[in-house]
Amino acid sequence: MNTLMDVLHHRPGWVEVKDEGEWDFYWCDVSWLRENFDHTYMDEHVRISHFRNHYELTRKNYMVKNLKRFRKQLEREAGKLEAAKCDFFPKTFEMPCEYHLFVEEFRKNPGITWIMKPVARSQGKGIFLFRRLKDIMDWKKDTRSSDDQKDDIPVESYVAQRYIENPYLIGGRKFDLRVYVLVMSYMPLRAWLYRDGFARFSNTRFTLNSIDDQYVHLTNVAVQKTSPDYHPKKGCKWMLQRFRQYLASKHGPEAVETLFSDMDNIFIRSLQSVQKVIISDKHCFELYGYDILIDQDLKPWLLEVNASPSLTASSQEDYELKTSLLEDTLHVVDMEARLTGREKRVGGFDLMWNDGPVSREDGAHDLSGMGNFVTNTHLGCVNDRKKQLRQLFRSLQGQKKTPN
Amino acid sequence: MLQEESDLALIIAQIVQKLKGSNLYTQLERQAWASLQRPEIKLESLKEDIKEFFKISGWEKKLQNAVYSELSVFPLPSHPAAPPEHLKEPLVYMRKAQGSWERRILKSLNSMCTELSIPLARKRPVGEQKELLNKWNEMGTDEPVLDLSLFRPVYAPKDFLEVLINLRNPNYENGDSHSFRTHLGLIQVPLKVKDIPELKEFFVELGLTAGQLGVDDSTQVPPELFENEHVRIGQKVLSEQDSAAAQQYIRQGSPTALRAELWALILNISSQPEDILYYEQLKTNVIQHDLLVDSLIYKDVKLTASNDDYYFVFEDYLYQVLLCFSRDTSVLGHFAYSSASPPKSYIRGKLGLEEYAVFYPPNGVIPFHGFSMYVAPLCFLYHEPSKLYQIFREMYVRFFFRLHSISSHPSGIVSLCLLFETLLQTYLPQLFYHLREIGAQPLRISFKWMVRAFSGYLATDQLLLLWDRILGYNSLEILAVLAAAVFAFRAVNLMEVTSLAAAEAVLADLSTLKVMPLLQIFLFATVT
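Computed from a predicted model, the values in this text were never measured in an experiment. (Residues numbered from 1 in each chain as written. Chains lettered and ligands numbered in written order. Predicted model: local features only at pLDDT ≥ 70, side-chain atom pairs only at ≥ 80, totals over all residues. Heavy atoms only, no water.)

**Describing the overall build of chain A**
- Summing up its helical and strand segments, chain A has 13 helices and 14 strands in all.
- The 404 residues of chain A split such that 54% are buried.
- Counting contacts in chain A only where the partners sit at least 6 residues apart, residues at least 24 apart contribute 68% of the total.
- Accessible surface computed for chain A: about 19,400 Å², of which carbon and sulfur atoms make up 50%. (Helix = DSSP H or I, 4+ residues; strand = E, 2+ residues; numbered from the N terminus. Buried < 20%, exposed > 50% of the residue type's maximum accessible area, 1.4 Å probe, protein only. Contact = heavy atoms within 4.5 Å. Areas by Shrake-Rupley, 256 points an atom, 1.4 Å probe, with all protein chains shown as cover.)

Have a look at this one:
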């Protein structure tokens with residue numbers, strides 16, 4: 001089910017360009033970008049769906065570097081408490097260059113589990129868990145003599161990350177959350193948060209006994225699809241609304257509000273950490289897929305950020321979610337120049353950051369009790385996008401008619 | 001006056017008798033003895049002082065809740081000389097129909113058993129016991145020992161519907177002439193059902209002037225108008241631990257965060273160590289013995305709940321609850337007021353000898369296709385297996401059993417079907433007539449909704465709001481009203497269909513429906 005093609009073809013006034021014709025909008029893939037972006041001229045109005053160096057955010061080793069640097073800067077400028085807000089990323093070390101630093105940390109925490117992830121692959125490929133140093137001997141730096149180095153195949157870049165051993169379980173199963181964030185620009189930082197998303201469940205019950213069973217620990221649908229227990233009918237996904245309701249009935253609305261507010265913090269700070277590094281070209285926008293893991297203390301952790309979140313639909317419900325997501329993305333990109341630029345909500349997207357925090361209109365009182373700004377995000381809340389879009393476009397039309 | 005007094009005395013005597021055998025009685029006795037140590041208890045005014053102590057320490061409240069619980073479940077006062085069958089079901093033809101239906105089910109079960117050469121029950125070998133114990137928390141991942149494709153569900157709702165359609169009261173002659181009084185529907189028994197004015201009175205708290213969760217907590221409505229106050233009252237009810245107040249409160253819906261506790265309060269479930277122990281005992285029974293019905297349960301869970309987009313996550317809990325449920329002999333108690341009777345089986349070789357008769361399964365309830373859906377929504381609220389179990393068991397012996405037994409009770413499935421058809425015929429006659437003409441009798445579509453109490457058809461949050469009201473009104477009639485309201489809502493589309501399949505298609509997806517506005521419109525906002 002190709003959601004992107006369906007959405008683009010159905011958009012009124014849009015025509016698909018074949019071959020070498022001139023285009024105004026390109027939903028490109030990252031390989032095209034890498035090869036062509038630098039020598040492609042784009043008119044002012046042209047839009048493209050990636051930032052040139054998005055990998056600063058989406059490649060695990062770069063993201064860790066940027067986050068660490070940002071954290072240090074925050075600590076210098078605003079103190080330890082503020083910097084601690086960046087502690088949503090499990091301790092990570094780039095391999096093999098940070099091998100020795102990793103070993104130091106490894107020895108400080110004997111017996112814990114670590115996870116090795118290839119820096120540039122997706123869909124759960126190449127990931128494994130380990131507890132003993134000898135499982136990762138291939139990444140040990142400087143152990144080979146100069147003779148051997150000539151013959152050795154270069155080792156792929158990996159990151160070693162502390163494995164979260166106490167994930168929140170539902171029905172005894174581990175899950176992670178997929179959340180969509182749309183960034184329209186980095187300088188200034190303008191980011192939108194989509195209300196819908198989903199929780200992806202692992203097909204088997206969680207246990208630390210079998211770290212070799214990647215089906216237990218990895219929740220990507222791609223990996224689950226190859227598990228012998230996988231039954232396609234199940235889909236193993238919950239919409240975020242369902243997840244939010246489930247948590248609310250178990251922990252109460254305040255705890256849920258705090259959790260979601262902590263997630264907002266993750267999105268904003270991760271974007272801020274790469275703000276100065278990413279080339280903010282006005283032609284670019286990007287729809288990120290954030291992977292978040294919740295632990296048993298209801299603390300959210302950032303697993304990774306995807307620059308090209310999967311747009312294939314695994315079920316009817318999934319199809320509707322992704323087509324709505326793409327339609328609303330195109331509304332926000334606004335090739336048709338209908339918006340005023342002052343909107344705080346477009347369909348299922350809420351404006352989360354506009355060179356500063358965005359408040360909710362009604363000035364709702366702060367449930368989380370942390371003295372934080374009540375942000376304009378509604379993750380996992382009711383998404384009456386069709387109604388909102390109707391009202392929005394009707395009022396925009398009305399505005400256009402009245403001369404001013 | 002005298003009759004009422006003696007009725008009351010009878011009820012009190014029966015409740016006291018019942019409670020005397022309960023754990024609460026032992027606890028109260030113990031508390032009373034312990035209280036003698038307290039300085040405020042004086043010998044001269046012993047009775048009053050102890051009563052006062054009970055009031056202050058909350059024990060009186062617990063007793064009140066227990067009495068209220070008995071009253072909710074207790075059948076209507078009957079003549080002291082009435083035989084026990086009358087308590088189960090006063091109408092003879094209903095009893096007979098239920099009896100023959102039961103014999104049919106048992107025959108089907110026995111023949112499957114003989115065909116597959118599987119015993120109804122067997123003791124597990126020690127190795128198998130150990131394995132099951134290890135896998136207790138993840139039974140869903142296991143392939144069951146037997147090939148499930150060999151098993152058929154003992155019956156499906158539509159088989160049961162056919163039986164209900166053929167129910168007739170032999171003392172009632174309708175006459176051949178058709179008049180405006182002729183009932184167009186499938187159910188042809190003369191039971192008394194409420195009409196809309198009576199329903200309006202019965203469900204008065206759902207009226208347009210009262211606030212409702214499911215309506216007045218929507219995003220457009222500012223929470224100060226109703227929701228905040230309602231939540232505050234809910235918290236107060238919980239702190240008072242008053243069952244009756246909780247039942248009254250929940251008629252307007254329960255806030256998500258309070259629902260689990262409120263339901264437990266209304267059903268008078270408190271997880272005592274004895275309850276947890278009892279559950280563990282049941283679990284041991286499961287480990288030690290394998291029952292044929294276990295395979296039926298596995299099959300049902302795999303076919304229904306595991307395939308559901310939302311309940312698949314709770315697959316393991318369903319096994320843990322349902323397997324234990326089959327072995328729980330305390331469930332046999334509900335047969336005193338249910339028209340059903342537990343099936344009897346005989347130890348091999350001793351057919352017909354009463355001393356060798358056992359109830360099979362031990363709880364007397366043979367699961368049918370879709371049975372696991374009664375448990376699935378509860379997994380949303382309760383995560384501790386023994387508490388989840390208790391809640392389900394109580395829900396079953398108070399409500400769910402009525403949905404698959406033939407009786408004249410106003411909450412029984414027969415009355416619900418008749419209520420549904422009567423409402424439709426009276427208030428949407430054109431629609432009813434049209435559907436009947438195209439061979440799409442409305443009950444054929446709505447029956448499965450009602451038998452499952454809409455579980456698996458509505459979105460979970462809506463289902464829980466509906467079940468709030470079942471608990472609040474202590475009646476299942478709301479299921480029939482909702483079914484009629486759904487037809488009313490989709491009436492325009494239904495008028496255009498020309499076949500049963502097309503009608504089914506219009507009503508196939510209820511997951512977007514909001515139940516409270518539908519009920520309100522149907523009951524209170526339609527011109528009658």
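**A word on helix H18 (residues 429–437) of chain B**
Residues and elements named next belong to chain B.
- Listing the buried residues of H18 in full gives Leu431, Phe432, His434 and Leu435. Axial view of H18: buried residues confined to an arc of 165 degrees, hence all on one face. Exposed positions of H18 whose direction lies more than 90 degrees from the buried face are Gln430 and Glu437.
- Considering only its buried residues, H18 is in contact with helix H17 (413–427), helix H19 (442–451), helix H21 (477–489), helix H22 (491–495) and helix H23 (500–506).
- Backbone geometry just downstream of H18 places Gly439 in the positive-phi region, at approximately 80 degrees. (Arc of directions from axis to C-beta.)

**Some points on the interface of chain B and chain A**
- Listed by partner, the interface residues are 25 residues for chain B and 26 residues for chain A.
- Of the roughly 2,200 Å² buried between chain B and chain A, counting both surfaces, carbon and sulfur atoms make up 55%.
- Taken as a group, Tyr310, Phe312 and Phe380 of chain B account for 29% of the area that chain B buries against chain A, more than any other trio of residues on that side.
- At the boundary of chain B and chain A, one finds one salt bridge.
- Where Arg173 of chain A meets Glu315 of chain B, a salt bridge forms, and the shortest distance between an N and an O atom there is 4.0 Å.
- Elements that contribute at least two residues to the side of chain B that touches chain A include exactly helix H15 (315–326) and helix H20 (460–473) of chain B.
- Among the elements that take part in the side of chain B that touches chain A, H15 of chain B stands out by supplying three residues, more than any other. (Buried area = accessible area lost by both parts, 1.4 Å probe. Salt bridge = Lys/Arg side-chain N within 4 Å of Asp/Glu carboxyl O.)

**Things to note about the packing of helix H2 (residues 23–35) of chain B against helix H3 (residues 46–57) of chain B**
Residue and element names in this part refer to chain B.
- Here H2 crosses H3 at 115 degrees, and the two axes come no closer than 11 Å. Crossing angle aside, the handedness with which H2 passes H3 is right-handed. Across from Leu28, Gln31, Ala32 and Ser35 in H2, the residues of H3 making contact are Ile50, Phe53 and Phe54.
- Partitioned by chemical class, the residues of the contact of H2 with H3 number five nonpolar, two polar and no charged. (Axes fitted to C-alpha atoms, helices over the stretch in contact; angles between N-to-C directions. Left-handed = near helix turned anticlockwise from the far one by under 90°. Nonpolar A, V, L, I, M, F, W, Y, C, P; charged D, E, K, R; others polar.)

**A word on the pattern of salt bridges**
Residues and elements named next belong to chain A.
- Under the definition given, this model contains 40 salt bridges over all chains.
- Salt-bridge contacts for Arg345 lead to Asp384; the nearest nitrogen and oxygen are separated by 2.9 Å. Taken together, the residues Arg345 in strand E13 (residues 345–346) and Asp384 in the loop between strand E14 (349–354) and helix H13 (385–401) connect sequence positions 39 residues apart.
- Judged by its relative accessible area of 25%, Asp384 is partly exposed.

**Brief notes about the environment of Lys400 of chain A**
All names here are of chain A.
- Within the element layout of this structure, Lys400 appears in helix H13.
- For Lys400 and Asn265, which are 135 residues apart along the polypeptide, the C-alpha to C-alpha distance reads 37 Å.
- Sequence-distant contacts of Lys400, that is, excluding residues within four places in its chain, are made with Ala337 and Arg338.

**Overview of the layout of surface pockets**
Residue and element names in this part refer to chain B.
- As a volume, the second largest pocket reaches approximately 1,600 Å³.
- As for the second largest pocket, its lining consists of 45 residues, and the residues nearest its centre are Ser22, Ser69, Glu70, Asn268 and Glu394.
- A total of eight residues in the lining of the second largest pocket trace back to one element, the largest contributor, which is helix H4 (residues 59–73).
- Residue classes in the lining of the second largest pocket are distributed as 17 nonpolar, 18 polar and 10 charged. (1 Å grid on protein atoms, 1.4 Å probe; cavity = no way out; pocket = protein on both sides within 12 Å on 5 of 7 lines; lining within 4 Å. Points joined across faces, edges and corners; volume = space filled by probe spheres on them.)

**Some words on the confidence of the model for chain A**
All names here are of chain A.
- Looking at chain A as a whole, the pLDDT averages 83, with 82% of positions reaching at least 70.
- Averaged pLDDT values over the elements of chain A bottom out at 47 in helix H7 (residues 146–151) and peak at 95 in strand E11 (residues 286–294).
- Long-range and interchain partners of residues 142–151, a stretch whose pLDDT sits below 50, account for three contacts in this model, where long-range means more than four residues apart.
- Taken together, the stretch residues 366–371 has pLDDT below 50 and engages in nine contacts with residues farther than four places along the chain or on a different chain. (pLDDT = per-residue confidence, 0-100.)

**Considering the pairing of strand E8 (residues 173–185) of chain A**
Residues and elements named next belong to chain A.
- Of all 13 residues in E8, 13 are buried; the element is thus mostly enclosed.
- Judged from the two bridges that link them, strand E7 (residues 169–170) and E8 form a sheet pairing that is antiparallel. Bridge assignment links Ile170 to a residue of E8, and that residue is Arg173.
- Here E8 runs beside E11; their pairing, made up of seven bridges, is antiparallel. Counted as the bridge partner of Leu182 is Leu287 from E11. (Pairing = 2+ DSSP bridges.)

**Notes on the packing of helix H12 (residues 259–266) of chain B against H20 of chain B**
Residues and elements named next belong to chain B.
- Viewed as axis vectors pointing N to C, H12 and H20 meet at an angle of 25 degrees, and their least axial separation amounts to 11 Å. Regarding the angle of H12 to H20, the classification is roughly parallel. Judged by the sense of rotation from one axis to the other, the crossing of H12 with H20 is left-handed. Across from Arg259, Trp263 and Ile266 in H12, the residues of H20 making contact are Leu464, Leu465, Trp467, Asp468 and Leu471.
- In the contact of H12 with H20, the residues fall into six nonpolar, no polar and two charged. (Parallel < 35°, antiparallel > 145°, perpendicular 65-115°, else oblique.)

**Concerning the state of the cysteines**
- For the structure shown, the criterion picks out zero disulfides over all chains.
- Here Cys236 of chain A stays unpaired: no disulfide links it, and the sulfur of Cys379 of chain B, its closest cysteine neighbor, is 18 Å away.
- What makes Cys236 of chain A buried here is its relative accessible area of 2%. (Disulfide = S-S within 2.5 Å.)

**So, the confidence of the model for chain B**
All names here are of chain B.
- Overall, the prediction assigns chain B a mean pLDDT of 86, with 92% of residues at 70 or greater.
- Within chain B, the lowest mean pLDDT, 74, falls on strand E3 (residues 344–346), and the highest, 96, falls on H21.
- Predicted complex, confidence summary: ipTM 0.76, pTM 0.84.

**Concerning the packing of aromatic side chains**
- Counting across every chain of the model gives 59 aromatic pairs over all chains.
- Aromatic side chains Phe93 of chain A and Phe102 of chain A sit 5.9 Å apart centroid to centroid with 65 degrees between the ring planes, which places their arrangement in the edge-to-face category.
- Their ring planes at 80 degrees and their centres at 5.4 Å tell us that Phe371 of chain B and Tyr374 of chain B sit as a pair that is edge-to-face.
- For Phe371 of chain B, a relative accessible area of 3% puts it in the buried group.
- Across from the ring centre of Phe198 of chain A, 4.1 Å away, lies the NZ or CZ of Lys237 of chain A, which sits over that ring.
- Across from the ring centre of Phe260 of chain A, 4.2 Å away, lies the NZ or CZ of Arg244 of chain A, which sits over that ring. (Phe/Tyr/Trp six-rings, centres within 6.5 Å; stacked < 30°, edge-to-face > 60°. Lys NZ or Arg CZ within 6 Å of the ring centre and 35° of its normal.)

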